[in-house]
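# Survey of secondary and tertiary structure
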Amino acid sequence: MSIIPVIHFGTKAETLERLRPHLKTAVVDLVYTFTVSEWHKEQKRILSDIQVSFPNGPIIVRSSALNEDVQHQSNAGHYTSVGNIQPEDSQALLESINRVIA
């Protein structure tokens, strides 16, 4: 009998990170997270970090809010995601992040 791990929900990014070590037939790609507060204070650093972390884009800019997906309810589709962003295009990356935050 195998033991099934209990995965506690958090933000989307936290939940994916918690699932990563338990997956056998799926892959959770690299995730880079930051808060809205951090974005307002450190846009240039965050843009640079993303560009370094994902040199071979494209990437998807998506939300990861605490109320987005919870144990008994999914809010899939209620939040904006922007796909096919080339990280080296700083302006497109900046606009995508601002759009998701808005």
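Summarised in this report is the structure supplied together with it. (Residues numbered from 1 in each chain as written. Predicted model: local features only at pLDDT ≥ 70, side-chain atom pairs only at ≥ 80, totals over all residues. Heavy atoms only, no water.)

## What about the overall build of the protein?
Across its full length, the protein holds four helices and four strands. Tracing the protein from N to C terminus, the helices and strands come up as α-α-α-β-β-β-β-α. By the burial criterion, 24% of the 102 residues in the protein qualify as buried. Across the protein, the fraction of contacts at a sequence separation of at least 24, relative to all contacts at a separation of at least 6, is 47%. (Helix = DSSP H or I, 4+ residues; strand = E, 2+ residues; numbered from the N terminus. Buried < 20%, exposed > 50% of the residue type's maximum accessible area, 1.4 Å probe, protein only. Contact = heavy atoms within 4.5 Å.)

## Things to note about the pattern of salt bridges
In total, this model carries three salt bridges according to the counting rule given. Taking the shortest distance from any N to any O, the salt bridge between Arg20 and Glu17 comes out at 2.8 Å. Residue classification places Arg20 among the partly exposed positions, given a relative accessible area of 31%. Measuring nitrogen to oxygen at the nearest pair gives 2.6 Å for the salt bridge that ties Asp49 to Arg45. You can see Asp49 and its partner Arg45 sitting in helix α3 (residues 43-53), four residues apart, about one turn around the helix. (Salt bridge = Lys/Arg side-chain N within 4 Å of Asp/Glu carboxyl O.)

## Some details on unusual backbone geometry
Put simply, Gly57 and Pro58 share a cis peptide bond, and its omega is 0°. Its place among the elements puts Pro58 in the loop between α3 and β1 (59-62).

## Overview of helix α4 (residues 90-101)
Counted at 1.5 Å a residue, the expected span for α4 with its 12 residues is 16 Å, and the 16 Å between its end C-alpha atoms agrees. For α4, the full list of buried residues reads Leu93, Ser96, Ile97 and Val100. Down the axis, α4 shows its buried residues gathered within 95° of arc, on one side only. Residues of α4 that are buried in the fold lie against α2 (36-41), α3, β1 and β4 (81-85). (Expected span 1.5 Å × (residues − 1). Arc of directions from axis to C-beta.)

## Some remarks on the packing of α3 against α4
Look at α3 against α4: their axes get within 11 Å of each other, and the N-to-C directions meet at 115°. Here α3 is positioned roughly perpendicular relative to α4, judged by the angle of their axes. Both α3 and α4 take part in a crossing whose hand is right-handed. Taken together, the residues of α4 that come into contact with α3 (itself represented by Gln43, Leu47, Ile50 and Gln51) are Ser90, Leu93, Leu94 and Ile97. Taken together, the residues that form the contact of α3 with α4 break down as five nonpolar, three polar and no charged. (Axes fitted to C-alpha atoms, helices over the stretch in contact; angles between N-to-C directions. Parallel < 35°, antiparallel > 145°, perpendicular 65-115°, else oblique. Left-handed = near helix turned anticlockwise from the far one by under 90°. Nonpolar A, V, L, I, M, F, W, Y, C, P; charged D, E, K, R; others polar.)

## Some words on the nonpolar core
A general trend in soluble globular proteins is that nonpolar side chains are found buried together. Membership of the largest hydrophobic core is limited to 12 residues, which are Trp39, Ile46, Leu47, Ile50, Phe54, Ile59, Val61, Val82, Ile85, Leu93, Ile97 and Val100. Only α3, β1, β4 and α4 provide two or more residues apiece to this core. Leaving out residues up to four positions away in the same chain, Leu93 has contacts with Leu47, Ile50, Gln51, Ile59, Val61, Ile85 and Pro87. (Core = buried A, V, L, I, M, F, W, Y, C linked by side-chain atoms within 4.5 Å.)

## Considerations on α3
All of the buried residues in α3 are Ile46, Leu47 and Ile50. Projected onto a plane normal to the axis of α3, the buried residues spread over an arc of 100° and lie on a single side. Opposite the buried face of α3, by more than 90 degrees, sit the exposed residues Lys44 and Val52. Among the structural elements, α2, β1 and α4 are those in contact with the buried residues of α3.

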